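Observations on chain architecture
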Amino acid sequence: MFNLIKIGNKTARMSSSPVVISAASKHTASVIFLHGLGDTGHGWAAGFQTNKLPHVKYICPTAPTQAVTLNGGYKMPSWFDLKSLNADGPEDEEGIKKASESVFRMIEEEEQKGIPSNRIVLGGFSQGGALAIYSALRCAKPLAGVVAISCWLPLYKQFPYAAEGNQEVPMLQCHGELDTVVPFKWGRMTHDLLKTFMSNTELKTYKGLCHSSCDEEMKDVADFIQKVLP
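What counts, and at which threshold
Residues numbered from 1 in each chain as written. Predicted model: local features only at pLDDT ≥ 70, side-chain atom pairs only at ≥ 80, totals over all residues. Heavy atoms only, no water. 1 Å grid on protein atoms, 1.4 Å probe; cavity = no way out; pocket = protein on both sides within 12 Å on 5 of 7 lines; lining within 4 Å. Points joined across faces, edges and corners; volume = space filled by probe spheres on them. Helix = DSSP H or I, 4+ residues; strand = E, 2+ residues; numbered from the N terminus. Nonpolar A, V, L, I, M, F, W, Y, C, P; charged D, E, K, R; others polar. Buried < 20%, exposed > 50% of the residue type's maximum accessible area, 1.4 Å probe, protein only. Arc of directions from axis to C-beta. Contact = heavy atoms within 4.5 Å. UniProt positions renumbered as here; feature names shortened; annotations may be inferred.

1. Comments concerning empty space enclosed by the protein
Counting across every chain of the model gives one cavity of 30 Å³ or more. Roughly 50 Å³ of internal volume is contained in the largest cavity. The element that contributes the greatest number of residues to the lining of the largest cavity is helix α5 (residues 215-228), accounting for four residues. Looking at side-chain class alone, the lining of the largest cavity contains seven nonpolar, two polar and no charged residues.

The structure is reproduced here in structure tokens:
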């Protein structure tokens, strides 16, 4: 679901429409889930199909296609530019902030359809999880919860001062202990930082799991969503 590979000189056109799993019964809550680098909304929709709740709509958007510095400038679906895999390396601050604005618009679209922000869970994997954490903390509207899988907090040196909201909402972090793409220690360091100004954050770890997901993790995510979106 996260590939640091060259994909050729041509880039496939990506649909601007998100993959949506409609609620099977009355729609009273939504999950917005952001994929990792090089993936699309389809990459995670299948996982939610097997663990979906009947009253929840699952929205899996696809990131815009753009050049990624870390991947030699090749274009691929990416929420913002990745310049380094070093925790203290340069970050695409402008791109991160622009991407978070697009997340805010997704939340507003659900509100316009009658779903209040506190009935929306924001989540993501890898780069998408990073954007989910950042956007949740920069969002003044209260969310139901945050799911952050195999990721980190972008622009972490700006926190907690940059946080504008959602410091008390439940957050579930999940991370494979054998992750070498987004090292497990990043997840632990992110959790330690978040605990200093968030009151309800949990980190679940998975032995033997690399930079991917597994059935146990998806079950934990489903249980969390059911808890915060009853």
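2. Some remarks on helix α1 (residues 42-49)
Since the α-helix turns once every 3.6 residues, residues separated by three or four places project in the same direction. All of the buried residues along α1 are W44, A45 and F48. Projected down its long axis, α1 shows its buried positions confined to an angular sector of 115°, all on one face. Those residues of α1 that are exposed and angled more than 90 degrees off the buried face are H42 and A46. On its buried face, α1 is in contact with β1 (19-21), β2 (29-34), β3 (56-60), β6 (120-125), β7 (145-149) and α5.

3. Comments concerning the UniProt feature "domain: Phospholipase/carboxylesterase/thioesterase" (unreviewed entry) in the protein chain
The residues that UniProt annotates with the feature "domain: Phospholipase/carboxylesterase/thioesterase" (unreviewed entry) are residues 18-228. Between the end C-alpha atoms of residues 18-228 the distance is 23 Å, and the span holds 31% helix and 20% strand.

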